[in-house]
Amino acid sequence: MEVLIRESAEAGCRLAAKVIARVVREKPDAVLGLATGRTPLLLYRELIRLHREEGLSFRGITTFNLDEYVGLPATHDQSYHWFMRENFFRHVDIDPAHTHVPDGTAADLQAECRRYEERIATAGGIDLQLLGLGRNGHIGFNEPTGSLRSRTWIKILSEQTLRDNSTVFGSFDALPRHAITMGIGTILDARRLLLLAFGPAKLRATVDMIEGPLAARCPASALQLHPRATVVLDEPAAAGLQYADHYRWIDRHKLDWQRYE
Ligand code: F6R
C-alpha cells in the first residue's frame, strides 16, 4: 500500500487531484469510480479548478459511484445523485449520460445491483476507484463483518454509520436504513484504488486498514490485497500509525516517475 501523509486535508486533496488529473490526461476515456461524503469535497473543488484554469477535460470520462441510499430519488437533496451533480458533474464538461450512480428507487433492487455490475464490466472495468473511509472501517457501505468478496448489493447500514451521516442528513430518523453499494469484490476489481482519510475520527480505522490484520471487522483492510492502492492521509488521521516515519521515508525517496507532485 502506498501511504502518503500530508499536513492537512487541503494538501491531501490537492495531491489526490493530481493523481486523478494524471489518469484523465493519460487516458481521456478512463473510467473513474467516485465517492461522496465530506472527505472528497475539497478534491472535487480542486478538480473543478483544474478544469476551469488548466483545461482538464472530463468529456470522454465515464464514472461509476460507489453507492446510493435506497428510496431516495435523484431529485432528493440528500441523495448521492444530487451530491455528485451539485459538487462535481455540473461544474465540469462530463457527459451526464456517462455518469452512473446506483438507482435506489428501482422497482427491482436486486436486478439494479446486477445491472450496475454489468454496466461496469461493459465499460471495461474501473481504472481508478476513489474511496473514503468510514469511522468503523467501512468502504462504500460495506460495514464491518461483511464478506470481503461481496459484489454490488443492498446493504443495511450500521447504527454508527447512520449516526455519522445523520449530521449531514439533519435527522437520524429520516435517514434511509438501506443502501445499494458496490461490494468489496467490485472495489478490488478496479485497476487502481485511491482512498482518502482525514481528521482524528478516522485514526483508529486508518491503523486497522493499513497496519492491522486483513479482517472483516475492518472492511478497508481488504485494500492490503490490492496491488495498486494509494492512501492519502492528513496528520491527525495518521497520528496512530506505528510505521508513519517509514511511510514518510519512502515518500521522500521515491524515484521521479513515482511522484505526483
Ligand atoms: C460515500 C461512501 C462512504 C464514505 C465514508 C466516509 O460514497 O461510500 O464509504 O466514504 O462513510 O464518509 P465521510 O467522507 O463523510 O467521512
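Note: the structure precedes this text.
Just so it is clear, the structure is predicted and the values come from calculations on it, not from any experiment. (Residues numbered from 1 in each chain as written. Predicted model: local features only at pLDDT ≥ 70, side-chain atom pairs only at ≥ 80, totals over all residues. Heavy atoms only, no water.)

Caption draft 1: View of unusual backbone geometry. The phi dihedral of Thr 145 is positive, around 80 degrees, even though this residue is not glycine. With respect to the secondary-structure elements, Thr 145 resides in the loop between strand S6 (128–131) and strand S7 (153–156). (Helix = DSSP H or I, 4+ residues; strand = E, 2+ residues; numbered from the N terminus.)

Caption draft 2: Structural view of the site of the ligand. Around the ligand lies a shell of 13 residues, among which Thr 39, Asp 67, His 138, Gly 140 and Lys 202 are the nearest. The backbone of Arg 38 places a nitrogen or oxygen atom 2.9 Å from an oxygen atom of the ligand. Interatomic distance of 2.7 Å between a side-chain N/O atom of His 138 and an oxygen atom of the ligand. Surface burial for the ligand is 94%, taken as the share of its 410 Å² of free accessible area covered by protein chains. Broken down by class, the residue content of the shell around the ligand amounts to three nonpolar, seven polar and three charged. (Near = heavy atom within 4 Å. Polar contact = N/O pair within 3.5 Å; in protein donor to acceptor, adjacent residues only side chain to side chain. Areas by Shrake-Rupley, 256 points an atom, 1.4 Å probe, with all protein chains shown as cover. Nonpolar A, V, L, I, M, F, W, Y, C, P; charged D, E, K, R; others polar.)

Caption draft 3: Region of interest: the layout of surface pockets. Taken as a whole, the largest pocket holds about 710 Å³ of empty space. Lining the largest pocket are 33 residues, and of these Thr 36, Gly 37, Arg 38, Tyr 80 and Asn 165 sit closest to its centre. Those elements that provide at least two residues to the lining of the largest pocket are strand S4 (67–69), helix H3 (80–87) and helix H5 (159–169). No other element matches the five residues that H5 contributes to the lining of the largest pocket. Here the residues of the lining of the largest pocket are counted per class, giving 14 nonpolar, 13 polar and six charged. Sorting the residues of the lining of the second largest pocket by element identifies strand S1 (2–6), helix H1 (9–26), strand S10 (229–234) and helix H9 (244–252) as the ones contributing at least two each. Looking at the lining of the second largest pocket residue by residue, the class counts come to twelve nonpolar, four polar and ten charged. (1 Å grid on protein atoms, 1.4 Å probe; cavity = no way out; pocket = protein on both sides within 12 Å on 5 of 7 lines; lining within 4 Å. Points joined across faces, edges and corners; volume = space filled by probe spheres on them.)

Caption draft 4: Representation of the packing of helix H2 (residues 41–54) against H3 within the structure. The contact between H2 and H3 brings their axes to 10 Å, and the two run at 40 degrees. When the axes of H2 and H3 are compared, the pair comes out oblique. For the pair formed by H2 and H3, the contact residues are Leu 41, Tyr 44 and Ile 48 on the first element and Phe 83, Met 84 and Asn 87 on the second. Class assignment for the residues of the contact of H2 with H3 results in five nonpolar, one polar and no charged. (Axes fitted to C-alpha atoms, helices over the stretch in contact; angles between N-to-C directions. Parallel < 35°, antiparallel > 145°, perpendicular 65-115°, else oblique. Contact = heavy atoms within 4.5 Å.)

Caption draft 5: Local environment of the pattern of salt bridges. Here the structure, examined in full by the defined rule, presents 23 salt bridges. Among the salt bridges present, the one from Asp 189 reaches Arg 151, with a minimum N-O distance of 2.9 Å. In this pair, Asp 189 is assigned in the loop between helix H6 (184–188) and strand S9 (193–197) and Arg 151 in the loop between S6 and S7, connecting sequence segments 38 residues apart. A residue is classified by how much of its surface remains accessible, and Arg 151, at 37% relative accessible area, is partly exposed. (Salt bridge = Lys/Arg side-chain N within 4 Å of Asp/Glu carboxyl O. Buried < 20%, exposed > 50% of the residue type's maximum accessible area, 1.4 Å probe, protein only.)

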